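# Notes for the structure review
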Amino acid sequence: MAKQPVGFKEFTRKRIVGLKRKPQTIALIVLVIGFLYYSLNLTQISNTTAKIQGSGMGLCGFVTMLFSMLSLVCFLNAFPHRKKTNIPMLVLMFLMLGVIIYCDNYYGGCIHRAITRETNPIDPTGSNSYITKAASMLRWHQGILILGAALVALLPVYAPMLRRINTSIEVAGNRDMGAIDITGEDA
């Protein structure tokens with residue numbers, strides 16, 4: 001009996017087989033990381049909105065959170081199991097990602113204007129250090145979303161490359177398949 005691979009090597013092989021079947025999983029993971037990153041840092045966004053009280057800041061935070069969830073739903077509907085890609089859902093997902101990136105950019109601009117204004121600028125150090133963290137978090141969030149959108153757009157490029165990876169297992173005894181009698185006649 002042939003010895004089956006075990007351990008980390010087999011675990012890695014199974015993950016690569018899964019990626020070969022569903023290469024869009026890579027982009028989904030990146031978009032989920034972006035959603036979680038924004039969600040887990042939402043306190044800094046809320047505190048910054050309360051401190052600066054710029055026009056549209058609260059709406060930008062709300063739209064970013066809402067469209068982040070909806071873009072994940074659109075992504076999952078864009079790639080149904082064993083069916084062709086749903087183009088309208090894919091376009092809707094890209095539109096939502098564009099709106100999220102715009103909202104992050106607008107929010108970052110509001111932070112920059114509040115810090116650099118002539119009259120009564122807000123000091124982002126000391127007890128207001130969350131403002132600097134929020135601005136940094138928004139830049140990282142934009143980068144993660146741009147990476148996720150690029151991975152979705154480049155899916156037709158890297159999916160064939162993933163399929164070329166050899167994940168087959170060499171099993172002893174498979175070489176003499178021609179020697180097996182399949183006629184059903186007993187000798």
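All values derive from a computational prediction rather than experimental measurement. The residue count restarts for each chain, going from 1 along the sequence in the order it is written. Under the rules for a predicted model, residues below a pLDDT of 70 receive no local features and side-chain atom pairs below 80 are neither given nor counted, while totals for whole chains, interfaces and linings still include all residues. Neither water nor hydrogens contribute to the side-chain values; these are computed over all heavy atoms in the structure.

### Description of the packing of helix H2 (residues 24–40) against helix H4 (residues 57–78)
- All axes are obtained by fitting lines to C-alpha atoms, using only the stretch in contact for helices, and the reported angles, taken between N-to-C directions, cover 0 to 180 degrees. In this text, helices come from DSSP runs of H or I with a minimum length of four residues, and strands from runs of E with a minimum of two, each type numbered from the N-terminal end. The geometry of H2 relative to H4 is characterised by a closest axis approach of 11 Å and an angle of 160 degrees between their N-to-C directions. Our classification of the angle between H2 and H4 gives roughly antiparallel. H4 is crossed by H2, and the crossing has left-handed handedness. In contact with Gln24, Ala27, Leu28, Leu31, Val32, Phe35, Tyr38 and Ser39 of H2, H4 contributes Gly61, Thr64, Met65, Ser68, Met69, Leu72, Phe75 and Leu76.
- As a working rule, the residues Ala, Val, Leu, Ile, Met, Phe, Trp, Tyr, Cys and Pro are called nonpolar, Asp, Glu, Lys and Arg charged, and the rest polar, with Gly in that last group. By residue class, the composition of the contact of H2 with H4 is 11 nonpolar, 5 polar and no charged. Any angle that is under 35 degrees is reported as roughly parallel, and any over 145 degrees as roughly antiparallel; angles of 65 to 115 degrees are reported as roughly perpendicular and all others as oblique. For any pair of crossing helices, the crossing counts as left-handed if the nearer helix is rotated counterclockwise from the farther one by less than a right angle, and right-handed if it is rotated clockwise. For this analysis, residues touch if any pair of their heavy atoms sits within 4.5 Å.

### Some thoughts on the nonpolar core
- Here, the term nonpolar core denotes a set of buried Ala, Val, Leu, Ile, Met, Phe, Trp, Tyr and Cys residues that are joined through side-chain atoms within 4.5 Å. Each residue is assigned to one of three classes by its accessible area relative to the maximum for its type, calculated with a 1.4 Å probe on protein chains only: buried under 20%, partly exposed between the two thresholds, exposed over 50%. Ranked by size, the top nonpolar core spans 41 residues in total, and within it Leu31, Met93, Ile111 and Val152 carry the most contacts.
- Breaking this core down by element, the ones donating at least two residues are H2, helix H3 (42–52), H4, helix H5 (87–116), helix H6 (129–153) and helix H7 (155–163).
- Of the residues forming this core, the biggest block, 11 residues, is contributed by H6.
- Discounting residues that sit within four places of it in the chain, Val152 has contacts with Ala27, Leu31, Phe75, Phe79, Leu90, Met93 and Phe94.

### Looking at the layout of surface pockets
- Cavity: a set of points on a 1 Å grid over the protein atoms alone where a 1.4 Å probe fits but cannot get out. Pocket: an open set with protein on both sides within 12 Å along at least five of seven lines, its lining residues, like those of a cavity, having an atom within 4 Å of a point. Grid points are joined across faces, edges and corners, and a volume is the space filled by probe spheres set on the points. The volume enclosed by the largest pocket comes to roughly 300 Å³.
- Taken together, 14 residues make up the lining of the largest pocket; nearest its centre are Arg21, Lys22, Gln24, Pro80 and Arg82.
- Looking at the lining of the largest pocket, the elements with two or more residues in it are helix H1 (8–21) and H7.
- When residues of the lining of the largest pocket are assigned to their parent elements, the largest contribution, 3 residues, is made by H7.

### Overview of empty space enclosed by the protein
- Considering all chains together, one arrives at 1 cavity of 30 Å³ or more under this definition.
- Empty space within the largest cavity amounts to approximately 40 Å³.
- What lines the largest cavity is Leu31, Gly34, Phe35, Ser68, Ser71, Leu72, Leu97, Ile100, His141 and Leu145.
- When residues of the lining of the largest cavity are traced back to their parent elements, those giving at least two are H2, H4, H5 and H6.

### A few points about the environment of Gln24
- Examined against the element boundaries, Gln24 turns out to sit in helix H2.
- Judged by its relative accessible area of 17%, Gln24 falls in the buried class.
- Sequence separation of Gln24 and Ala159 is 135 residues, and the distance between their C-alpha atoms is 8.2 Å.
- Apart from residues lying up to four places away in sequence, Gln24 is in contact with Phe75, Phe79 and Leu155.

### Side note on unusual backbone geometry
- Within the chain, Gln53 stands out as a residue other than glycine whose phi angle is a positive 50 degrees.
- Relative to the assigned elements, Gln53 resides in the loop between H3 and H4.
- Owing to a relative accessible area of 64%, Gln53 belongs among the exposed residues under this scheme.
- Located in the positive-phi region is Asn120, a residue other than glycine, with phi close to 55 degrees.
- Relative to the helices and strands, Asn120 resides in the loop between H5 and H6.
- Of the residues examined, Asn120 reaches a relative accessible area of 64% and is grouped as exposed.

### Thoughts on the pattern of salt bridges
- In the sections that follow, a salt bridge refers to a side-chain nitrogen of Lys or Arg positioned within 4 Å of a carboxyl oxygen of Asp or Glu. Tallied over the entire structure, the rule returns 1 salt bridge.
- The partner of Glu10 in a salt bridge is Arg13, with the nearest N and O atoms 2.9 Å apart. A residue pair is termed a helical-turn pair when its members lie 3 or 4 positions apart in one helix, as Glu10 and Arg13 do in helix H1 at 3 residues.

### Focus on the confidence of the model for the protein chain
- What pLDDT conveys is the predictor's confidence in a given residue, as a value from 0 to 100. Summing up the model confidence of the protein chain, the mean pLDDT is 88 and the portion of residues at 70 or higher is 89%.
- Per-residue pLDDT, averaged within each element of the protein chain, yields its smallest value for H1 (85) and its largest for H4 (96).

### Topic: the side chain of Thr64
- When you line up the elements, Thr64 lands in helix H4.
- With sequence-adjacent residues up to four places away left out, Thr64 is seen in contact with Tyr38, Ile100, Cys103, Asp104 and His141.

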